[in-house]
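Listed below, chain by chain, are the residues.
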Amino acid sequence: MEKTFVMLKPDAVQRNLAGEIIGRLEKRGLKLVALKMLKIRQELAEQHYGEHVGKPFFQSLVDFITSGPVIAMIWEGQNAVQVVRKMMGSTDPQAADPGTIRGDFALFMGNNIIHGSDSPQSAAREMSLFFSEAEIISYSKDLEAWIYGTN
Ligand code: IDP
Ligand code: MG
């Protein structure tokens, strides 16, 4: 089953949105297989956002993501990467559809609540930056039969 890396950014934690967002992912049927709260160090921020080095917003992005605790997670499910990206909504919350996480809870590009991997390759890279293999839990849930129609 596909895995994706999801991070609740410092604004989500400060605005008490963590439970709401985790609840949405759970209720969709995705399975939480790893979770930790941490304050990201400068070097990890620069590695995580390596694709954006040199862009005008890079420094503010690194400053923001290191400004307070984040909640890093791995979620598993069929097409988990694309499913989470759709649930997140557009990068710019002003353009994000209502019903998406950014479309419901954010107004500003710099403070857009949530990160989700944009491809299975990015997911693999990001998961290994934040989690060791031993921290990723493999387990089954009876509900999966009802989610995927295999009962
Ligand atoms: P994503 O988070 O939807 O994958 P990316 O293009 O990977 O979007 O950008 C990473 C993060 O950088 C965004 O979530 C947003 O917080 C910030 N960002 C992206 N583009 C801009 C911009 O043009 N101005 C300011 N911040 C930006
Ligand atoms: Mg991205």
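On a predicted model such as this, the values are computed, not experimentally measured, just so you know.

J.: Describe the site of ligand 1, naming the residues involved and giving the relevant values.
T.: The immediate surroundings of ligand 1 are formed by Lys9, Tyr49, His52, Phe57, Leu61, Arg85, Thr91, Arg102, Met109 and Asn112. His52 is positioned with one of its side-chain polar atoms (N or O) 2.9 Å from an oxygen atom of ligand 1. A distance of 2.5 Å separates an oxygen atom of ligand 1 from a polar atom in the side chain of Thr91. Computed on the free molecule, ligand 1 has an accessible area of 520 Å², of which 77% lies beneath the protein chains in the complex. Among the residues forming the shell around ligand 1, the class breakdown is four nonpolar, three polar and three charged.

J.: Give me empty space enclosed by the protein: which residues, what numbers.
T.: Scanning the model with the defined rule gives one cavity of 30 Å³ or more in all. In this structure, the largest cavity occupies an estimated 40 Å³ of space. Taken together, Met1, Gly29, Lys31, Glu76, Gly77, Glu144 and Tyr148 make up the lining of the largest cavity. When the residues that make up the lining of the largest cavity are grouped by side-chain class, the tally is two nonpolar, two polar and three charged.

The rules we used
Residues numbered from 1 in each chain as written. Chains lettered and ligands numbered in written order. Predicted model: local features only at pLDDT ≥ 70, side-chain atom pairs only at ≥ 80, totals over all residues. Heavy atoms only, no water. Near = heavy atom within 4 Å. Polar contact = N/O pair within 3.5 Å; in protein donor to acceptor, adjacent residues only side chain to side chain. Areas by Shrake-Rupley, 256 points an atom, 1.4 Å probe, with all protein chains shown as cover. Nonpolar A, V, L, I, M, F, W, Y, C, P; charged D, E, K, R; others polar. 1 Å grid on protein atoms, 1.4 Å probe; cavity = no way out; pocket = protein on both sides within 12 Å on 5 of 7 lines; lining within 4 Å. Points joined across faces, edges and corners; volume = space filled by probe spheres on them.

By themselves, these figures tell us nothing about what the structure is for.
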